[in-house]
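Report on the structure
Here are the chains, one letter per residue:
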Amino acid sequence: MNDWTRDEMMTVAAARQLWDGCVCFVGIGLPSAACNLARLTHAPDVVLIYESGTLETRPDVLPLSIGDGELADTAACVIPLPEVFSYLLQAGRVDVGFLGAAQVDRYGNLNSTVIGPYDAPKTRLPGAGGATEIAAHARQTFVMLKATPRSLVAQLDFRTSGGFLEGNGARARTSMRGTGPQSVITDFGVLKPHPASDELQLSALFDGTTVDEARAATGWPLKVAATVETIAPPTKIELETLRALHARTREAHRRPVRLPA
Amino acid sequence: MTSKITTLRDAIAAHVRDGACVALEGFTHLIPFAAGHEIIRQGRRNLHLVRMTPDLIYDQMIGMGCASKLTFSWGGNPGVGSLHRLRDAVEHQWPAPLALDEHTHAGVAAAYSAGAAGLPFATLRGYLGTDLPSVNPRIRSVDCPFTGERLAAVPALNPDVTILHAQRADRRGNVAMYGIVGAQREAAFAARTLVVTVEEIVDELPSAMNGIVLPHWIVSAVAQCRGGAYPSYVHGHYARDNGFYQRWDTIARERDGFLAWMQQHVLASRDHATFLASLREVA
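What you see is a predicted model, and the numbers here were worked out from it, not measured in a lab. (Residues numbered from 1 in each chain as written. Chains lettered and ligands numbered in written order. Predicted model: local features only at pLDDT ≥ 70, side-chain atom pairs only at ≥ 80, totals over all residues. Heavy atoms only, no water.)

What follows covers the overall build of chain A. A count of helical and extended segments in chain A gives seven helices and 14 strands. Its C-alpha atoms give chain A a radius of gyration of 18 Å, near enough to 18 Å, the size a compact globule of 261 residues would have. Principal-axis analysis of the C-alpha atoms places the extent of chain A at approximately 55 × 45 × 40 Å. Counting all 261 residues of chain A, 62% fall into the buried class. In chain A, 64% of the contacts between residues at least 6 apart in sequence involve partners at least 24 apart. For chain A, the exposed area adds up to about 10,300 Å²; of that, 53% sits on carbon and sulfur atoms. Charge-centre separation for chain A: the mean point of 25 positive side chains lies 2 Å from the mean point of 28 negative side chains. (Helix = DSSP H or I, 4+ residues; strand = E, 2+ residues; numbered from the N terminus. Rg over C-alpha atoms; globule rule 2.2 N^0.38 Å. Buried < 20%, exposed > 50% of the residue type's maximum accessible area, 1.4 Å probe, protein only. Contact = heavy atoms within 4.5 Å. Areas by Shrake-Rupley, 256 points an atom, 1.4 Å probe, with all protein chains shown as cover. Lys, Arg positive; Asp, Glu negative; His and termini not counted. Charge placed at Lys NZ, Arg CZ, Asp CG, Glu CD.)

Below, the structure written as structure tokens:
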């Protein structure tokens, strides 16, 4: 029995992919935890940008929303939203974009719009937000999601954000400036694109996880890279830092807010 | 010169008509909840609502039948999950069908900027690799006349009325805001009519230099409304009530529970101060 959860392993594995000084566009949820864990461990000078325009923010607790006051209070500066998308993202000034999605296909294309037909949805999801342009213009993107055959799917219900499109170099023939999804971090391990076909393949497993388990959680016939690494379990420092961050966050979010008078 | 300082009730009555295109902007911070509640109380119908991130206040307005169309780019309860009333309108047409004009954040930000500049459309290197243009005929493309690059084009957004909440205004109607400012400045300059609620009205605003001030001659009406962004927040005044955002998931999940809550707290309250008092009673 591991003394860490799959969520913790995912977060740690994602954090390790960030390097000190990299400029990172952060999403809410697991990516936010991963980015701040990196900042609090091996990458103290990682530049975290939240979509709300908070640049180089160093929150003490994780925000619930993309624009909690904590993010503004601890930011180097706060800029208007149109500048976030034009001056930073579209102009190519972001190294890493973190994305989540309801569905991912074998070419790393993402759906966060709708399950079922667009005009008669079974489940209406929140929609694109910043994801479409993050996917296009961040120099590379990391995708985080829990793997099930319903999330890693053969066919998206809707393509919200482009990964490698139809694969085999299709993305490189567009005006998308970034290199696309270079890592899909799941709760069994990490998928990376094949250098020629762009198809996502199993490239690393968490300690104690098997190829069969990965295949069972994937809705297409998952290919396996020539060598599959085993990702080292979280270190003591990683686990303690992450758990302390979550504990601070829980306490802060529990604190009652005084209604304005 | 007639004063622009008025009450929220009079500002909504004077400026928000049935069928109008209305943007209540605010990116997590400074969301004009009090103004949205007043629109619900006054029973406006067939509004075309515009906002990058429709959150709880649009969930409430849609669930109460105020809207027939929504221009947006992300519709969820941030960090919590779905907007159940928005979903019910889209999935089951309850309480009324809701037409969607769906974009990305970059697209809406550019469309507001174009609207603010009086241009007919915005262009951006956006909407690449997405199915959105196939479901929204207003997302088109244009070839750059200099390089030939194909770029996305979206029509300018020019709301009939933009409604914002800010920290303060002076008596002439200059409005100052700081903190996370989203696309509020663009939505303000893009609007035909601008209505603002503020925490306080002061004799003189501090010198702003590079801060955001919406100049009095683009502002149609200012109403003081303390706590007017709650459960969203106002930097320097009160924090975001994340607990309320989490509770909203339960309140809004079923139609009956939603309607009962709206009746008890919004419709039965004559104004925002009474609304806040009604929440204090149940706390």
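Looking only at helices and strands, one finds ten helices and 13 strands in chain B. Relative to its length of 283 residues, chain B is compact, with a C-alpha radius of gyration of 19 Å against a globular reference of 19 Å. Counting every position in chain B, which comprises 283 residues, the buried fraction comes to 62%. Sequence separation of 24 or more characterises 71% of the internal contacts of chain B that already satisfy a separation of 6 or more. Of the roughly 10,600 Å² of accessible surface on chain B, a fraction of 51% belongs to carbon and sulfur atoms.

The subject of this paragraph is the side chain of Arg85(B). Residue position: Arg85(B) is located in helix α4 (residues 84-92). Discounting chain neighbours no more than four positions away, the residues touching Arg85(B) are Asp59(B), Ile62(B), Gly63(B), Trp94(B), Ala252(B), Arg253(B), Glu254(B), Arg255(B) and Phe258(B).

If you look at the biggest cluster of nonpolar residues, it comprises 96 residues, and the most contacted ones within it are Leu18(A), Cys24(A), Phe98(A), Leu152(A), Phe188(A), Leu191(A) and Tyr112(B). Aside from chain neighbours lying at most four places away, what touches Cys24(A) is Leu18(A), Cys35(A), Val46(A), Val47(A), Leu48(A), Ile49(A), Val96(A) and Phe98(A). Of all hydrophobic cores here, the second largest spans 70 residues; its members include Leu56(B), Cys66(B), Leu214(B) and Tyr245(B). (Core = buried A, V, L, I, M, F, W, Y, C linked by side-chain atoms within 4.5 Å.)

Mean pLDDT over chain B: 97, with 100% of residues reaching 70 or higher. Here the predicted complex carries an ipTM of 0.96, next to a pTM of 0.97. (pLDDT = per-residue confidence, 0-100.)

Time to look at the pairing of strand β2 (residues 21-24) of chain B. Residue and element names in this part refer to chain B. Where burial is concerned, the two faces of β2 agree: the one with Cys21 and Ala23 and the one with Val22 and Leu24 are both buried. Of the strand pairs in this sheet, β2 and strand β3 (residues 47-50) are connected by three bridges, and their pairing is parallel. The residue bridging Cys21 from the neighbouring strand is His48, located in β3. In this fold, β2 hands off to helix α2 (residues 33-41), which returns the chain to β3; that crossover is right-handed. The sheet contact formed by β2 and strand β9 (residues 161-170) spans three bridges and is parallel. Residue pairing in the sheet places Leu24 in a bridge with Ile163 of β9. (Pairing = 2+ DSSP bridges. Right-handed = clockwise from strand over helix to strand, strands pointing away.)

Moving on: the pattern of salt bridges. All names here are of chain B. In the structure shown here, the tally under the stated rule is 25 salt bridges over all chains. Across the salt bridge formed by Asp143 and Arg150, the nearest N and O atoms sit 2.8 Å from each other. Each of the salt bridges in this network shares a partner with another, and the network as a whole consists of Arg85, Asp88 and Arg255. (Salt bridge = Lys/Arg side-chain N within 4 Å of Asp/Glu carboxyl O.)

Let us now look at the sheet that holds strand β6 (residues 121-124) of chain B. Residues and elements named next belong to chain B. With respect to topology, three strands assemble into an open sheet ordered β6-β8-β7, the strand pairing being antiparallel. In the strand order of this sheet, the two ends are held by β6 and β7 (140-143), each with one partner. Direction aside, the axes of adjacent strands within the sheet are offset by 40 degrees on average. As paired elements, β6 and strand β8 (residues 150-155) share four bridges and run antiparallel to each other. (Axes fitted to C-alpha atoms, helices over the stretch in contact; angles between N-to-C directions.)

We now examine the side chain of His48(B). Here His48(B) shows up in strand β3. With sequence-adjacent residues up to four places away left out, His48(B) is seen in contact with Ala20(B), Cys21(B), Val22(B), Lys69(B), Leu70(B) and Thr71(B).

Okay, the pairing of β9(B) next. Residues and elements named next belong to chain B. Burial analysis of β9 places ten of its ten residues in the buried class, which makes it a mostly covered element. Note: β9 against strand β11 (residues 193-202), nine bridges, orientation parallel. When the sheet's bridge partners are listed, Ala166 is paired in β11 with Val198. Here β9 pairs with strand β10 (residues 175-177) via two bridges, running antiparallel. Counterpart to Ala169 in the pairing with β10 is Val175. With antiparallel pairing between neighbouring strands as the criterion, β9 and β10 make up a hairpin whose turn holds four residues, including Gly173 at a positive phi of roughly 105 degrees.

As for its placement among the helices and strands, Thr6(B) is situated in strand β1 (residues 5-6). When the C-alpha atoms of Thr6(B) and Gly43(B) are compared, they prove to be 20 Å apart, with 37 residues separating the residues in sequence.

Here we take up the interface of chain A and chain B. The partner chain B presents 54 residues to the 48 residues of chain A that form the contact. In this assembly, chain A packs against chain B so that about 4,200 Å² is buried in total across both faces, 62% of it on carbon and sulfur atoms. For the pair chain A and chain B, the interface holds one salt bridge. For Glu102(B), the salt bridge is made with Arg124(A), and the minimal N-O distance between the two is 2.6 Å. For the pair chain A and chain B, the number of links is 22 residue pairs in polar contact (both at pLDDT 80 or more). Of all the secondary structure elements, the ones that give two or more residues to the side of chain A that touches chain B are α3 (69-73), α4 (81-90), β9 (123-124) and α5 (131-137) of chain A. (Buried area = accessible area lost by both parts, 1.4 Å probe. Polar contact = N/O pair within 3.5 Å; in protein donor to acceptor, adjacent residues only side chain to side chain.)

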